[in-house]
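Descriptive analysis of the structure
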Amino acid sequence: MAVPEFYKFFRPTLEILIAKGRMHVSQIAEEAADRFDLSLVDREDLIPSRKRSRVADRVLWTGTYLFAAKLVDRPAPGTYEITARGREFLKTAPQVIRPELLEVFPEYVEFKTRSRPEKPASKDQNKLLEPSTASPEETIALSHQEVNSRLAEELLEKIKAMPPAFFEDLIVKLMLALGYGGSVEDAGRTLGRSGDGGVDGVIKQDKLGLDNIYLQAKRWGDGTVGRKEIQAFVGALAGQGAKKGVFITTSTFTREASDYAKTIDYKVSLVDGVQLAGLMIEANLGVSLVQRYDVKRMDSDFFSEL
């Protein structure tokens, strides 16, 4: 048989994790291939980018969806284990678990919302844009957004596993990639070494260095950045006689922190983990092009000129 659709791996993956415990993606892929009784040809079949097997790709996507619904956890990169919610869900789940069944979990709904930033105005419109009913061009757009959403998760997971110095260097490179002035050497001399009580570094706003932007970088695995941390950063800006700052974290900000940043007489931009990963993808930082699909239409003007 051919390799099944990725959602048909949902239930087997949960069952494998219950039976075997914590497992790496490659191990789950092997177990799933056995359960589907796939031939050697099917097991070695590669996705178009030729970066991994189709079975491994299916399991990676399965892990993304199940993790978004908190049915599995990721204790280490590329490794999954089933959660208490996953065990409970499996008791009443059908033999084939389709993605829409995961919409009972608010975390999954939030994940889908992040995957589709240009959200339709109503639920009915959202249903019209499901891959099964969308036009080919809409399907490509939806798939592209979901691929980037999964890539963002992978980037954040990797960043959190790296040393603090790497994160500090990453923030400088990102700011430069986004068009700010100076160089890695200029900014690197102050980042993480200033000891200014809340300011980790400074970077030129433009290439001429007419104004500076102060940076705060918080690489947090858990928890949220609250108003207290933003207030401390603003205090540090005041101590520098500065009015502009960027607070970047791998975590999230509380509502109180976001509201506070909007009301103060300082221009402070808050960048959470999801936004950080999105900016990295936009700036081609830490990512590489795997495959490209150009969507073309007939040029009517070309034919009218003949």
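Residues numbered from 1 in each chain as written. Predicted model: local features only at pLDDT ≥ 70, side-chain atom pairs only at ≥ 80, totals over all residues. Heavy atoms only, no water.

1. Remarks on helix 12 (residues 255-263)
All of the buried residues in helix 12 are Ala257, Tyr260 and Ala261. Buried residues of helix 12, seen end-on, are gathered within an arc of 100° and therefore sit on one face of the element. In helix 12, the exposed residues that point more than 90 degrees away from the buried face are Arg255, Lys262 and Thr263. In this fold, the buried residues of helix 12 make contact with strand 6 (224-225), helix 11 (227-239), strand 8 (252-253) and strand 9 (267-271). (Buried < 20%, exposed > 50% of the residue type's maximum accessible area, 1.4 Å probe, protein only. Helix = DSSP H or I, 4+ residues; strand = E, 2+ residues; numbered from the N terminus. Arc of directions from axis to C-beta. Contact = heavy atoms within 4.5 Å.)

2. Concerning the sheet that holds strand 9
Across a sheet, strands are paired by hydrogen bonds formed along the backbone, either parallel or antiparallel in direction. Pairing in this open sheet of four strands is mixed, and the strands run 4-5-7-9 from one edge to the other. Every other strand in the sheet has two partners, leaving strand 4 (201-204) and strand 9 as the edge strands with one partner each. When strand polarity is set aside, the average angle formed by the axes of neighbouring strands in this sheet is 25°. Relative to strand 7 (residues 244-249), strand 5 (residues 212-218) runs parallel, the two being bridged by five bridges. Within the sheet, the bridge partner assigned to alanine 217 lies in strand 7 and is isoleucine 248. Against the sheet, helix 13 (residues 273-282) engages strand 7 and strand 9, with an angle of about 85° to strand 9. (Pairing = 2+ DSSP bridges. Axes fitted to C-alpha atoms, helices over the stretch in contact; angles between N-to-C directions.)

3. Focus on the nonpolar core
Leu14, Leu71, Phe89, Leu102 and Tyr108 are the most contacted members of the largest nonpolar core, which totals 36 residues. Of all the elements in the fold, those that place two or more residues in this core are helix 1 (10-20), helix 2 (25-35), helix 4 (54-68), strand 3 (79-82), helix 5 (84-92) and helix 6 (106-115). Ranked by residues supplied to this core, first place goes to helix 4 with eight residues. Leu155, Phe167, Met175 and Ala217 belong to the second-largest nonpolar core, a separate cluster that totals 21 residues. (Core = buried A, V, L, I, M, F, W, Y, C linked by side-chain atoms within 4.5 Å.)

4. A few points about the sheet that holds strand 3
Taken in spatial order, the three strands make up an open sheet running 1-3-2, and their pairing is antiparallel. Taken across any chain shown, the strands that pair with only one partner, and hence form the sheet edges, are strand 1 (23-24) and strand 2 (72-76). Bridging between strand 1 and strand 3 involves two bridges; their strand directions are antiparallel. Note that in strand 3 the partner of histidine 24 across the bridge is threonine 79. Sheet strands touched by helix 4: strand 2 and strand 3. Its angle to strand 2, the strand with the most contacts, is close to 110°.

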